[in-house]
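Chain residues, written in single-letter form:
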Amino acid sequence: MAEPKDPAPTRDTLSRRTFLKSAGGVAAGGMLTSQLAAEPEATPLKATAGRTLAGDVTIELDLNGRKHEVTVEPRTTLLSALRHRIEPPHTGTKEVCDQGNCGACTVIVDGRPAYACMLLAVDLVGRKLRTVEGLGSVENLSPVQAAFCEHDALMCGFCTPGFVVATTACLERRPDADLATIKRELSGNLCRCGTYPFIFDAAETARAAMAPKKGGK
Amino acid sequence: MRARSEPAWKPKKDLTVLNRDIPRVDGPEKVTGAAKYTHDIRLPRMVYARFWIHPYPRLNLTKVDVAPALKVKGVVYVKALKEAGEDVRYQGADAAIAVVAAETPEAAEDGLRAMIIEAEELYPPMVTAEQALDESSPKIGRGGKNVNVREERGDEEAANIALDTVDVLIEESYSLPVQHHVCLETHGSVVDYRGGDEATVYTSIQNVSGTNASAARALELDADKVNVITHHMGGGFGSKFGIGIEGSTACRIAKELGRPVHLMLTRGDEFLMGGNRSGSQQTIVGGASKDGRLVALVAKADRFGGTGGGAFAGLPYIYKVENSFFESRSIYTATDSSRAMRAPGHPQASFGMESMVDELAFAVGIDPLTFRKQNLEDPVYHRQLDRVAKEIGWDAHPNKTEPGAVDGTRQVGIGFAISQWGSRSRPGSQCEVRIEPDGRITSTTGTQDLGTGSRTYVAAIVAEEFGLEVGDVTARIGESAFPTSAGSGGSVTTGCSAPAIKDAAHNAREAFEARIAPMLDAEPGQLVWRGGEVISAQDPQKSLTWKQACAALGSEPLSAMGEWQEHLRSQGVHGAQAAKVEVDTVTGELKVLKMVFIQDCGLVLNRLAARSQVNGGQIQALSYGLLEARVHDPDLGLMLTDNLDDYKIAGVQEIPEMISIMDDDDDRLAVMGMAEANCIPGHGAIANALFNACGLRLRDLPLTADKIIMGLSDRS
Ligand code: FES
Ligand code: FES
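Remember, predicted model here, so these are calculated numbers, not experimental data.

## What about the environment of Asp642(B)?
Residue and element names in this part refer to chain B. With respect to the helices and strands, aspartate 642 occurs in the loop between helix H15 (607-626) and strand E26 (657-662). By relative accessible area, aspartate 642 is classed as partly exposed at 28%. Considering only alpha carbons, one finds aspartate 642 and serine 423, 219 residues apart in sequence, at a separation of 32 Å. Aspartate 642 has contacts with Arg267, Gly268 and Phe271, leaving out every residue within four places of it along the chain.

Written as structure tokens, this is what we have:
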């Protein structure tokens, strides 16, 4: 079972969960209540006060150390922005449940792991975002990525970017994390192929590789 | 021209690449997010399509008005798949009422919300066995029946007479819920058609070579003008053999719009229409003699496969029983059809059989390991059971013939179970090996990699042949335009494709040797390929590097085809499982502490990937045993578990210490698939371990804390 991650990196941001709540079930129950939504055109939101946004807005995201201009709607999740709006598309971050159950969409926001499907893109202006594409490349794997390959901590690989990012976020914040801590930090991620035992091995190898060298220069 | 000699696997001691730990060749792409799955395909002017799926199983549609969706910003296409007056007959694909395509996924969702679809719900929803078996219910199943007898074997009268003679007789019922595949990548396709007479269909499918015909039909194009591509896929587990309504609909939209179409099921739709493992309800009467012989067994098993027939492997399962009778029926409900799922029918039969065997063992007072071996003829199972018993610590375990007590403490128990799988393969698969004068070498076949690691052995078998490293060979798989390969079902992939790859490599080597042997003053067949060099067997001073040898080809690359060769593969996998659990006899919390599984599979191509598969099989069985169950509301007809919050699968915290062992006493020098036997016995072994810990026998999966605590309070 996956345990939910903190959906919002800080308290002053509006998470998708609270957004859905305040939108009063209409979005969540859309399929069942489609008769009620017969209105032909989605009513454009009107700007009323300070932070209220409507229609397409162009924002700038700080993604993997680069500024990206991207046009989103207020409801566009970070996951959808990454996968469908940003050029070139950042499809390494996977969509599996789109509701905070599985961790396949894990990204790093200001150093902390978060579910990209539970964040609104417009809330992330000015924050430092990192995705799996920003950690390393095929020619130059990060220590976590290299350890995943070495230990076969992947099978189909669809959950893998999420686990790589979550493991990275854990070890960067807690370089001396023991296995119990690593497991707790990875508890928000699901893998159907059953790579968990080798992910644990990979995380421990990566921790050793990332450890600051003792008594060095 | 046929090769002069027959290809043969080298003895294990001579292998330098195969039968070792090989990190998978596509690992770097997958860990960096560079690997493109069907979900990730992005094409110019591509539109996103979504289905409008009604959640109720049986309906008479009264209004289907899709036109309002066309007025929604971003929507470019709508189509009703059913009309007012038509019925929806079952939950899932038949409840796809309409489809929409739009510039963004969000706009497609808006389009769905704008449609007006009204229907009268038909009662009862027919989602439970009780509803199906009720005399007054409508007949919705195959042949106008809700129940079909599928199989009968053995002599019921003789078995019943034998049951009268036994020393110990047990009659019990065992049940398993419907399980979902939960591929993390949902079903779907991205169809690249932009006019003209050619198309590319990216699809998440485990049958690449066999799919271009159906895609071409939906596109109304010639099959040889359609290339089906699955370079990477996020799991299949048996559920992805055809493009389905989602694929054919994407093809039709693309054909009409002349634009690429992305149609992947949402997670909710995936639960409703992506297939499942049939549930099972079994009544078993078993009898044993005092000295621990299985004397007689009468078993009746119902399969719950929705509109499909379901699967059940048959009883007795593996164990030798002197007299037996088995009957199985399909019970049809108005729910999504079962599909093949990793070892179809076996996890169900294994649970019933292993539970009954365990009950009889304790009833006659013989420890469950000894009892099992007494009733197994194949010596492979004896050595495998002994091995897992050793690894799990059975010798030092106190509860051999009596379970532990319910005394308010945490109790530890150990359980066993075994499994089998055929892994039969068949002719038809092909492979091409191509060597370029500049030293590049590729191995190309139309197989697919579901996560099993097949891409890696497509390269590794060729590397072994030429004394190269795996990274020197490029594996090209997952296109229907490539040499044909079998669909991945029933663990046939390795048995079908590895012999063809080996044959192609062998043929390429012989052709290569004919060209370069004179340069080394040697005869073809008298060359040794080792460490990136080709060396004369007679005069080791004479050698060429790989690059020099390739350069000798001149300007023309060398290409050789290979075909499936029966003698390179074998069949028949055996496996044994041990599980150790801890149960809190106050709270009912059940924790699996350790799982050990051993299996044989002839020549192991990649030991690392093989252990990954065994881990994965054990974890899926643990997940089925502890957590998974599809649940319907019997009155509302709704599936209550159509998401990954309510449908639980095993996560990090459920994972015990795991040991996955390849049985090296298996001396068959031939290959076979190996990914099914390991997902069969785990949940049975865990249930047996629960009994061994505290004397509570649960016969109804999953083994949740509420059932355990109720069971424990009944006992005390
Ligand atoms: S896709 Fe975001 S948690 Fe599953
Ligand atoms: S590797 Fe397939 S879901 Fe994790």
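Still to come is the rest of the account.
## Considering the side chain of Thr104(B)
With respect to the secondary-structure elements, Thr104(B) resides in the loop between strand E5 (96-102) and helix H3 (105-114). Thr104(B) gets classed as buried once you look at its relative accessible area, which sits at 19%.

## Quick look at the state of the cysteines
Residue and element names in this part refer to chain B. Under the criterion given, the structure shown has zero disulfides over all chains. A disulfide-free cysteine, cysteine 601 has its sulfur positioned 15 Å from the sulfur of cysteine 679, the nearest such atom. Relative accessible area serves as the criterion here: at 3%, cysteine 601 is assigned to the buried category.

## Brief notes about the packing of aromatic side chains
Residues and elements named next belong to chain B. Taken as a whole and judged by the stated rule, the model has 13 aromatic pairs over all chains. Between phenylalanine 271 and tyrosine 647, the ring centres sit 5.4 Å apart and the planes meet at 50°, which makes this aromatic pair tilted. Taken as a pair, phenylalanine 271 in helix H8 (residues 267-273) and tyrosine 647 in the loop between H15 and E26 lie far apart in primary sequence, 376 residues in all. The interplanar angle of 65° and the centroid separation of 5.4 Å between the aromatic rings of phenylalanine 466 and tryptophan 546 together place this pair among those described as edge-to-face. Of this pair, phenylalanine 466 sits in helix H12 (residues 454-466) while tryptophan 546 sits in helix H14 (residues 546-551), placing them 80 residues apart in sequence. Here the aromatic cluster, defined as three or more aromatic residues joined through ring pairs, consists of Phe466, Phe512, Trp529 and Trp546. Over the ring of tryptophan 394 we find lysine 400, and its NZ or CZ is 5.2 Å from the ring centre. Note that arginine 697 overlies the ring of phenylalanine 691, its terminal NZ or CZ placed 4.2 Å from the centroid.

## Regarding helix H2 (residues 78-85) of chain A
With respect to burial, H2(A) is a largely interior element, seven of its eight residues being buried. Along H2(A), the residues that are buried comprise Leu78(A), Leu79(A), Ser80(A), Ala81(A), Leu82(A), Arg83(A) and Arg85(A). Buried residues along H2(A) sit in contact with strand E1 (57-63), strand E2 (66-72), strand E3 (106-109) and strand E5 (128-130) of chain A together with H3 of chain B.

## Section: the interface of chain A and chain B
The interface of chain A with chain B comprises 67 residues on the first partner and 75 residues on the second. A buried area of about 5500 Å², summed over both sides, lies between chain A and chain B, and 60% of it is on carbon and sulfur atoms. Taken together, the connections running from chain A to chain B amount to seven salt bridges. Across the salt bridge formed by Arg85(A) and Glu106(B), the nearest N and O atoms sit 3.9 Å from each other. Applying the counting rule to chain A against chain B returns 23 residue pairs in polar contact (both at pLDDT 80 or more). Mapped by element, the contributors of at least two residues to the side of chain A that touches chain B are H2, helix H3 (143-150), helix H4 (160-173), helix H5 (179-185) and helix H6 (196-210) of chain A. Its residues placed into classes, the side of chain A that touches chain B shows 32 nonpolar, 19 polar and 16 charged.

## What about the pairing of strand E21 (residues 533-536) of chain B?
Residue and element names in this part refer to chain B. Examined bridge by bridge, strand E20 (residues 527-530) and E21 share four bridges and lie antiparallel to one another. Residue pairing across strands places arginine 530 opposite glutamate 533, the latter belonging to E21. Counted along the chain from E20 to the antiparallel partner E21, the turn is two residues long, and its residue glycine 531 has a positive phi close to 55°. Of the strand pairs in this sheet, E21 and strand E22 (residues 543-545) are connected by three bridges, and their pairing is antiparallel. Note on E22: the bridge partner recorded for isoleucine 535 is serine 543. Turn length for the E21-E22 hairpin, with the two strands adjacent in sequence and antiparallel, is six residues.

Definitions and cut-offs
- Residues numbered from 1 in each chain as written.
- Chains lettered and ligands numbered in written order.
- Predicted model: local features only at pLDDT ≥ 70, side-chain atom pairs only at ≥ 80, totals over all residues.
- Heavy atoms only, no water.
- Helix = DSSP H or I, 4+ residues; strand = E, 2+ residues; numbered from the N terminus.
- Buried < 20%, exposed > 50% of the residue type's maximum accessible area, 1.4 Å probe, protein only.
- Contact = heavy atoms within 4.5 Å.
- Disulfide = S-S within 2.5 Å.
- Phe/Tyr/Trp six-rings, centres within 6.5 Å; stacked < 30°, edge-to-face > 60°.
- Lys NZ or Arg CZ within 6 Å of the ring centre and 35° of its normal.
- Buried area = accessible area lost by both parts, 1.4 Å probe.
- Salt bridge = Lys/Arg side-chain N within 4 Å of Asp/Glu carboxyl O.
- Polar contact = N/O pair within 3.5 Å; in protein donor to acceptor, adjacent residues only side chain to side chain.
- Nonpolar A, V, L, I, M, F, W, Y, C, P; charged D, E, K, R; others polar.
- Pairing = 2+ DSSP bridges.

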